[in-house]
Amino acid sequence: MSKYDLLVIGFGKAGKTLAATFAKEGKKVAVVEESSAMYGGTCINIGCIPTKTLIVAADNKKDYNEAKATRDKVVTKLNAKNFAMLDNSPNVDVYTARAKFVSNKVVEISANGETKQLEGEVVVINTGAKNNVLPIPGLTTSKNVYDSTELQKLEKAPKTLGIIGGGNIGLEFASLYSRLGVKVTVIDYSDRILVREDADVAELAKGYLEETGVEFKLGSTTKEVRNNGENVVVVTEEHGELEFEAVLHATGRRANTENLGLENTDIELRPNGSIVVDEYCQTAVENVFAVGDVNGGLQFTYVSLDDFRIVNGYLHGKKEYTTADRKNVPYSTFISPALSHVGLHEEEAKAQYNNVAVGSLLVANMPRGAVNQDPRGIFKVVVDKDTNLILGATLFSKNSEEIINIIKMAIDNKIPYTYIRDQIFTHPTMAENLNDVFKLV
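Think of each chain on its own: its residues are numbered from 1, step by step along the sequence as written. In keeping with the model being predicted, local features are shown solely for residues with a pLDDT of at least 70 and side-chain atom pairs are shown and tallied solely at 80 or more, while totals for entire chains, interfaces and linings include all residues. Hydrogens and waters are ignored; side-chain quantities use all the structure's heavy atoms.

Observations concerning the overall build of the protein
Argument step 1. Each helix is a run of DSSP H or I of at least 4 residues and each strand a run of E of at least 2, with the numbering of both proceeding from the N terminus. Tallying secondary structure elements over the protein gives 13 helices and 22 strands in all.
Argument step 2. Atoms counted for the radius of gyration: C-alpha only. Globule rule: 2.2 Å times the number of residues to the power 0.38. Against the 2.2 N^0.38 benchmark of 22 Å for 441 residues, the protein shows a C-alpha radius of gyration of 23 Å, consistent with a compact globule.
Argument step 3. Taken along its principal axes, the extent of the C-alpha atoms in the protein is 65 × 60 × 40 Å.
Argument step 4. Residues classed as buried in the protein amount to 52% of the 441 residues present.
Argument step 5. The contact criterion used is simple: two residues touch if any of their non-hydrogen atoms lie within 4.5 Å. The long-range fraction of contacts in the protein, counting pairs at least 24 apart against all pairs at least 6 apart in sequence, stands at 63%.
Argument step 6. Summing over all exposed atoms, the protein offers an accessible surface of approximately 19,900 Å²; the carbon and sulfur share of this is 48%.
Argument step 7. Computed over 49 positive and 58 negative side-chain charges, the inter-centroid distance for the protein is 4 Å. Classification of residues uses two cut-offs on accessible area relative to the type maximum, computed with a 1.4 Å probe and protein chains only: under 20% is buried, over 50% is exposed, and between them is partly exposed. In short, Shrake-Rupley with a 1.4 Å probe defines the accessible areas, and a residue's cover is counted only from the protein chains shown. Positive charges come from Lys and Arg, negative ones from Asp and Glu, while His and the chain ends are left out of the count. Lysine's charge is taken at NZ, arginine's at CZ, aspartate's at CG and glutamate's at CD.

Written out as structure tokens, the structure is:
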């Protein structure tokens, strides 16, 4: 049995950063990753980076073949860079193998018919999430039905694409593929898209997607998926049979804990399969941690990085920062334009505060909107007029994924909205419109 100071299972953001940190301190580290295609984790290989690379390629009017070639080049480079970052360290052993717990701190790894046991003084589970597959008859057995990972690997774009699921992932792919010339239809059980967003913003988004050719079949129950030759037929209760060259199922992601052998440990799981952790991301077993998507928190790479900060601090005797201190996490949905949000939505704020004011400003009325020749979108802010503090903001525009971070820092530091209203910003920019939208509250 090989013993390590730190044993990391999975090559995600938090785990790989902990591995690199401990290795620099001279600690003996093992990292186990099941697939060489996943060195660096979900974000780099099948998530944020490749999909946003495709989106930029579509924005630059590249066709599917050019977009995919660019995506593959970026992923290959980053995958190799991440592997080398750890493999080149004399203090890190990288194992490309499947890991399974045999006890609380011992895992058995297997590859190419060979097995070996590893033990860690500290163990970090960083196995991420996997696609959630609904129990729809024929979904997993029909040809030309893909999840978001498989769809990105297609050498040729389908002429028609059905997407089961109108959440963030489904809509990002709908926006992307429609701009790559694919006829896209989104099928979803809900009667509206973007259910956590304000209704007016969601309706704007739906209209913009429809302008690019996306069709919606909402309030739709999928009863069966089957083939008609090479085509895929999605049988719905409300809209009959819908036929496509390919179908993407994008109905969420869930913690990747199956086949990890956690039944051989004292680690506790929630009913949805995610690992129960405390405010330091520690499991029920001392010095065994679960970080990133696998612990049931927000499924963002930057949250995984924050998990690293918490666990790293804990292991170095600095316990003042915990998950309880993690507030106002911003997020972006990369449709076109990008839709970003932080804090409370309008109805949430009105339910919690007595004197809420809302300001909204259409991008069509912004100077930079005219410069960009793109009038789509809206800035919407929510404030507490009793304290002048910002409660939340939705920015739906070009570069919103950047500007939303200004609002996040203002909320965290209790900066009154009047400060941003009266701030000096460069011109012509999208950020300067924060002046104007806060004048409207």
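What about the sheet that holds strand E9 (residues 160–164)?
Argument step 1. With parallel pairing, the five strands of this open sheet are ordered in space as E8-E15-E9-E10-E11. Looking at strand neighbours, the two that pair on one side only are strand E8 (145–146) and strand E11 (215–217), the edges of this open sheet. At least two bridges found by DSSP between two strands are what make those strands a pair.

Remarks on the environment of Asn227
Argument step 1. Tracing the chain through its elements places Asn227 in strand E12 (residues 222–228).
Argument step 2. Using a relative accessible area of 26% as the deciding quantity, one classes Asn227 as partly exposed.
Argument step 3. Ignoring sequence-local partners within four residues, the contact set of Asn227 consists of Ser142, Lys143 and Val232.
Argument step 4. Side-chain polar atoms of Asn227 contact the backbone nitrogen of Lys143, separated by 2.8 Å.
Argument step 5. N or O atoms closer than or at 3.5 Å make up a polar contact, with two conditions inside protein: a donor-capable atom paired with an acceptor-capable one, and, for residues adjacent in sequence, both atoms drawn from side chains. In terms of polar contacts, Asn227 uses its side chain to reach the backbone carbonyl oxygen of Asn231, at 3.0 Å.

Quick notes on the UniProt feature "domain: Pyridine nucleotide-disulphide oxidoreductase dimerisation" (unreviewed entry) in the protein
Argument step 1. UniProt positions are given in the numbering used here, feature names are shortened, and annotations may be inferred rather than shown by experiment. Here, UniProt's "domain: Pyridine nucleotide-disulphide oxidoreductase dimerisation" (unreviewed entry) annotation points to residues 329–435.
Argument step 2. With 31% helix and 28% strand, residues 329–435 has end C-alpha atoms that lie 22 Å from one another.

Digging into the pattern of salt bridges
Argument step 1. Criterion for a salt bridge: a side-chain nitrogen of Lys or Arg within 4 Å of a carboxyl oxygen of Asp or Glu. Enumeration according to the criterion identifies 26 salt bridges in this entry.
Argument step 2. Taking the shortest distance from any N to any O, the salt bridge between Glu215 and Lys217 comes out at 3.2 Å.
Argument step 3. Across the pair Glu258 and Arg254 runs a salt bridge, and its minimum N-O distance is 3.1 Å.
Argument step 4. Within the structure, one salt-bridge network assembled from shared partners comprises Asp198, Asp200, Glu346, Lys350 and Lys380.

Here we look at empty space enclosed by the protein
To find leftover empty space, one rolls a probe the size of a water molecule over the atoms.
Argument step 1. Only protein atoms enter the calculation, which uses a 1 Å grid: trapped sets of points that fit a 1.4 Å probe without letting it out are cavities, open sets showing protein on both sides within 12 Å along at least five of seven lines are pockets, and any residue with an atom within 4 Å of a point is a lining residue. Grid points are joined across faces, edges and corners, and a volume is the space filled by probe spheres set on the points. Summed over the entire model, instances satisfying the criterion amount to one cavity of 30 Å³ or more.
Argument step 2. In this structure, the largest cavity occupies an estimated 30 Å³ of space.
Argument step 3. Lining the largest cavity are Pro337, Val363, Gly369, Asn372, Asp374, Arg376, Ser397, Lys398 and Met430.

Concerning the packing of helix H3 (residues 48–59) against helix H6 (residues 168–179)
Argument step 1. It is at 9 Å that the axes of H3 and H6 come closest, and there the two elements cross at 35 degrees. Remark: the crossing between H3 and H6 carries left-handed chirality. Of the residues in H6, those touching H3 at Thr51, Lys52, Leu54, Ile55, Ala58 and Asp59 are Glu172, Phe173, Leu176 and Arg179. In this analysis an axis means a line fitted to C-alpha atoms, helices contributing only their contacting stretch, and an angle means the value between N-to-C directions, from 0 to 180 degrees. Should the near helix be turned anticlockwise from the far one by less than a right angle, the crossing is termed left-handed; should it be turned clockwise, right-handed.

Side note on the sheet that holds strand E19 (residues 339–343)
Argument step 1. Spatially, five strands are ordered E18-E19-E22-E21-E20 in an open sheet, and the strand pairing comes out antiparallel. Single-partner strands in this sheet number two, and they are strand E18 (331–333) and strand E20 (356–362). On average, adjacent strands in this sheet sit at an angle of 15 degrees to one another, irrespective of strand direction.
Argument step 2. In this structure, strand E21 (residues 378–384) lies alongside strand E22 (residues 389–396), joined through seven bridges in antiparallel fashion. Its bridge partner being in E22, Val382 is matched across the sheet by Gly392.

Some details on the layout of surface pockets
Argument step 1. The computed volume of the second largest pocket comes to approximately 570 Å³.
Argument step 2. What lines the second largest pocket is a set of 21 residues, among which Ile55, Asp59, Arg179, Ser336 and Lys398 lie closest to the centre.
Argument step 3. For the lining of the second largest pocket, the element with the most residues is H3, which contributes five residues.

Some details on helix H8 (residues 301–315)
Argument step 1. For a helix, the expected span equals 1.5 Å multiplied by the residue count minus one. A rise of 1.5 Å per residue sets the reference length of H8, with its 15 residues, at 21 Å; its end C-alpha atoms lie 21 Å apart and thus fit the reference within 8%.
Argument step 2. Elements that come into contact with the buried residues of H8 comprise helix H1 (13–24) and strand E17 (288–290).
Argument step 3. With its phi angle positive at about 80 degrees, Gly317 sits one or two positions after the end of H8.

Examining the packing of aromatic side chains
Argument step 1. For this analysis, a ring pair means two rings from Phe, Tyr or Trp (six-membered ring only for Trp) whose centres lie within 6.5 Å, classed as stacked if their planes differ by under 30 degrees, edge-to-face if by over 60, and tilted for the remaining angles. On inspection of all chains with the given rule, the structure shows ten aromatic pairs.
Argument step 2. Look at Tyr64 and Tyr177: their rings are 6.2 Å apart centre to centre, the planes differ by 45 degrees, and that puts the pair in the tilted class. Here Tyr64, found in helix H4 (residues 64–87), pairs with Tyr177, found in helix H6; they are 113 residues apart in sequence, far enough to count as distant. Both residues of the pair, Tyr64 and Tyr177, count as buried.

What about unusual backbone geometry?
Argument step 1. Here the amide bond leading from Ser336 into Pro337 is cis, since omega sits at -5 degrees, within 30 degrees of zero.
Argument step 2. On the secondary structure map, Pro337 appears in the loop between E18 and E19.
Argument step 3. The step from His427 to Pro428 runs through a cis peptide bond, and the omega angle for that step is -5 degrees.
Argument step 4. At Cys281, a residue that is not glycine, the phi angle is positive and equals roughly 65 degrees.
Argument step 5. Looking at the secondary structure, you find Cys281 in the loop between strand E16 (253–255) and E17.
Argument step 6. When its relative accessible area of 0% is taken as the criterion, Cys281 is described as buried.
Argument step 7. With a phi angle near 55 degrees, Gln373 is a residue other than glycine that sits in the positive phi range.

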